[in-house]
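# Survey of secondary and tertiary structure
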Amino acid sequence: MFTGQTVVFNYFEKKRANMVSGKVISLFCMYPGFPDARAPRNSRKGSGRSISWVLLLLVLGFSCGPLGAQVINEVIAQNSTQDPADVACGHPDMIELYNNTNETVVLGRVSLADSYFLSDCPAVAEPQFDPATAWPFPPNRSTLGRGARLVVFCDGNATQGTCSLHAGFNIESNGSESVVLWGPQQGDGTRQVVDRVFLPPMDEDVSYGRSPDGSGGNNVSIEDSPEHFTFFLPGETTFGSCIAIAGVCLVPGQSRRHCSGGRNGGGDNLAPRVNRVDQSTNSPAVGEEVEMTVRIRDDKIPSPGNIASVEIVYRVTSAVGDFVDEQVVAMDYDSGFGVRADVTTPLDLFSLWTGRIPAQGVGARVEFFFRVEDAEGLSGTRPRNLCHLMEGYGEDIGPCDRQFGPEANGCVRDSDDVTCRGGVVEGGEDDDGCGEEGGGITGERYIACNLRSTYAVGYTPRAGVDAILVNEIIASQSDLLTDPSEAPCLPNDLCPVGNPDCCRRDEDFAEMLNTSAQEVDLSGCYISDSFFDPRRWKFPAGSVIPAGARFIIWLDNDGSRCPDPDRVDKPCFWECPDPNLVSMLLDPPQFHTGFGIDADGDQLFIYDSEENNFGLLHGFDFGQPADVCGFTDDPLLNPGRDIMTDQSISLVPDASRNGQFVVVDNPTPGGQNSGEGCEQSATFRRGDATGDGGTDITDGVFVLNYLFLGTRAPDCLDAADADDNGNVDLSDAIRILNFLFLGGPEPPVPGPAACGPDSADDNLADCVYEANCG
């Protein structure tokens, strides 16, 4: 599950218990297969893999002579609601600079050589100035007075950048980056790092800043960051406000603005965070438990003592379809794993905890969430913001999307929210500081909340929808297929480079396939990029797929974003008209979803309707791209270790439900897939329920004991599924005993004599068969 190098920290409490502090820090580097991986560095002086602590500190804690105490004072990396808003009433990432001197500093000048720059940089790398990616402060509006604070939006929007300061980069929220302030060019052509701030992972609407302002001065090292930086919760961030200033703004109806931050407070204690990182299956068979592993983070060391409990809270449908009372399963701390931080995210401390939802009967639907509580009584859940736990909401409410609700789900509008209007409004005053001239729209968006995660047990795809396959996935493209719903790209003078809203014709997509000779109605079914949240996008009424058709699903976050096409004063975040109105009329139809996918790791699944328990129809998990057959494992060609642009993840052989997903360099949307699969090792012997390498009476008895006496489940359920009907039940024990003693037929392929893969598609988890297959 976790490969590559990670760093394990052994901490001694410092003045504060936050983050990664300690007077003594023992560093260990974990390598796969290293027998003495936990030994301190100085106990393995002869190891060729040793990296000195001093060298690592030079890499992670790069510093240089400061030009002055102009510092990066506060950063937010996953902003959705924290003010100030930009001229389109959006909430991008932000950086606040603070001048802790008595001198005025002019950051932007006509000469780039004399200007300051901002950039992002991997946390583990020594910063290198690159004029192609670093962002220069523009002249005439980038002055930082003594004691002043200046706010820069970080989203790469060049058009809005004429109105307020918009740096040409985004900030990663996973703790893998630092942000760097570069000084003017020196006589030798180089630039000094005025300030560099290493960033921890940041949750939505949580910022990370100095307390008090300017604390620690320039270039605070990683190990000293906890002494000078803290977190600010939503509503406590201090990025200030914006005022209108003279100058040209290229956004119609808007004026140029200057945004200045406010004084930082004392910070907050964060609630612990929980994220699922692994699961045994998202479509268990009857009698199969589901094992989950979560990653726990906290602003203190996330181990027992600081973490009071980690739990799975679940409920199951009864025989009449209602949910019974919630049950709680305690998750176990992985003491062997301990507390670690990946080398690439040195401030991201985490621990692992594992638990299991018990096996359930056929047709059951399970709903669940994770809950973590720290020693101070603060708690967190995953999914977050659960509807049934939120004040004003409750059971049978939701899900509620921030932008679109809907009210039909019981969602409540946010009366304090102000968003921009679509189009241009002539005249008037921008009386609320947000949106087009004439004022924004108040109370348009909703108070968001999420439902519990869910999965179906023992699900067999129903007739019709069982013919639909995910056949090809393109997570990044340049010119493979053009989205006909998007307007043609504008000339460069009307579409500046770096404007993300200007040209979006080459978007992510997937090819789906109806393998049957009959048309299939997908109305009410779902497509999702989540293992346990099937409701990401719902196929509209009339989603009929012709027989044998290959059809395109655009994963572009454009679909179903126009609730009322006849409304005059539409909010600017609506996508009207809904592209599905036209694309569904094509032959074959095309669809536009409300989400996108990531080339650096994601998943794509088709789920049945809610009436059919959201049963899993088909899909593929490429959360670890390097594990996919055909992955481009060349650091020169693929330094990001992603699914590369214009590569596809294709099902081969084409249209084969039992095929293999592979990375290919020549995608074939609309045509038969090309490429060859990787050699797959044999997996199991059919009928060998005990996993001892043979089939005998003990296997039949083992199945009976498991079914009726509550003994442990077979390690390989496919091996115990002796009649290959996709479930482990009484008929399997009968099949084994009939074969052994009454001359009945042997268990189906791969049979009991030799190991092999499962030739039939079912919902049993893939096996890791430990018995001898020689």
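Check the entry above for the structure.
What this report covers is the structure whose coordinates are included nearby. (Residues numbered from 1 in each chain as written. Predicted model: local features only at pLDDT ≥ 70, side-chain atom pairs only at ≥ 80, totals over all residues. Heavy atoms only, no water.)

## Overview of the pairing of strand E39 (residues 648–652)
Burial runs high along E39: 5 of the 5 residues are buried. Here E39 shows two buried faces, one formed by Ser648, Ser650 and Val652 and the other by Ile649 and Leu651. Of the pairings in the sheet, the one linking strand E29 (residues 468–474) to E39 comprises 2 bridges and is antiparallel in character. By the bridge assignment for E39, Glu472 is matched with Ser650. Across 5 bridges, E39 lies against strand E40 (residues 660–664) in antiparallel orientation. The residue of E40 that forms the bridge with Ser650 is Val662. (Buried < 20%, exposed > 50% of the residue type's maximum accessible area, 1.4 Å probe, protein only. Helix = DSSP H or I, 4+ residues; strand = E, 2+ residues; numbered from the N terminus. Pairing = 2+ DSSP bridges.)

## Examining the packing of aromatic side chains
Under the counting rule described, the total for this entry stands at 22 aromatic pairs. Considering the side-chain rings of Phe117 and Phe129, the 5.0 Å spacing of their centres and the 90 degrees angle between planes classify their relative orientation as edge-to-face. One end of the pair, Phe117, is in strand E6 (residues 117–122); the other, Phe129, is in the loop between E6 and strand E7 (135–136), and 12 residues separate them in sequence. On the basis of relative accessibility, which here comes to 4%, the residue Phe117 falls in the buried class. Taking the relative accessible area as the measure of exposure, Phe129 reaches 28% and is therefore partly exposed. For the ring pair Phe368 and Phe532, a centre distance of 5.2 Å and an interplane angle of 80 degrees mean the geometry is edge-to-face. Of this pair, Phe368 sits in strand E24 (residues 365–374) while Phe532 sits in the loop between strand E32 (526–528) and strand E33 (537–538), placing them 164 residues apart in sequence. Of the two residues, Phe368 and Phe532, neither departs from the other in class, the shared state being buried. (Phe/Tyr/Trp six-rings, centres within 6.5 Å; stacked < 30°, edge-to-face > 60°.)

## Remarks on the state of the cysteines
In protein structure, a disulfide is the covalent linkage between the sulfur atoms of two cysteines. Within this structure, the stated rule accounts for 6 disulfides. Each disulfide pairs two cysteine sulfurs, and for Cys387 the partner residue is Cys449, the sulfurs being separated by 2.0 Å. One quick way to see it: the torsion about the S-S bond of Cys387 and Cys449 is about 90 degrees, and its sign makes the bridge right-handed. With a gap of 62 residues between them, Cys387 in the loop between strand E25 (379–382) and strand E26 (418–419) and Cys449 in the loop between strand E27 (441–442) and strand E28 (453–456) connect regions that are remote in the sequence. (Disulfide = S-S within 2.5 Å.)

## A look at the sheet that holds E33
An order of E33-E32-E37-E38 is seen for the 4 strands of this open sheet, with the pairing classed as antiparallel. With partners counted over all chains shown, the strands left at the sheet margins are E33 and strand E38 (616–621), one partner each. Pairing of E32 with strand E37 (residues 603–607), which is carried by 3 bridges, proceeds in the antiparallel orientation. Across the sheet, residue Ile527 finds its bridge partner in E37, namely Ile606.

## Let's talk about unusual backbone geometry
Cis geometry marks the peptide bond from Gly398 to Pro399; its omega dihedral reads 0 degrees. That bond from Gly405 to Pro406 is cis: its omega, 5 degrees, falls within 30 degrees of zero. As for its position among the elements, Pro406 is in the loop between E25 and E26. Of note in this structure, Asn140 is not a glycine but carries a positive phi near 75 degrees.

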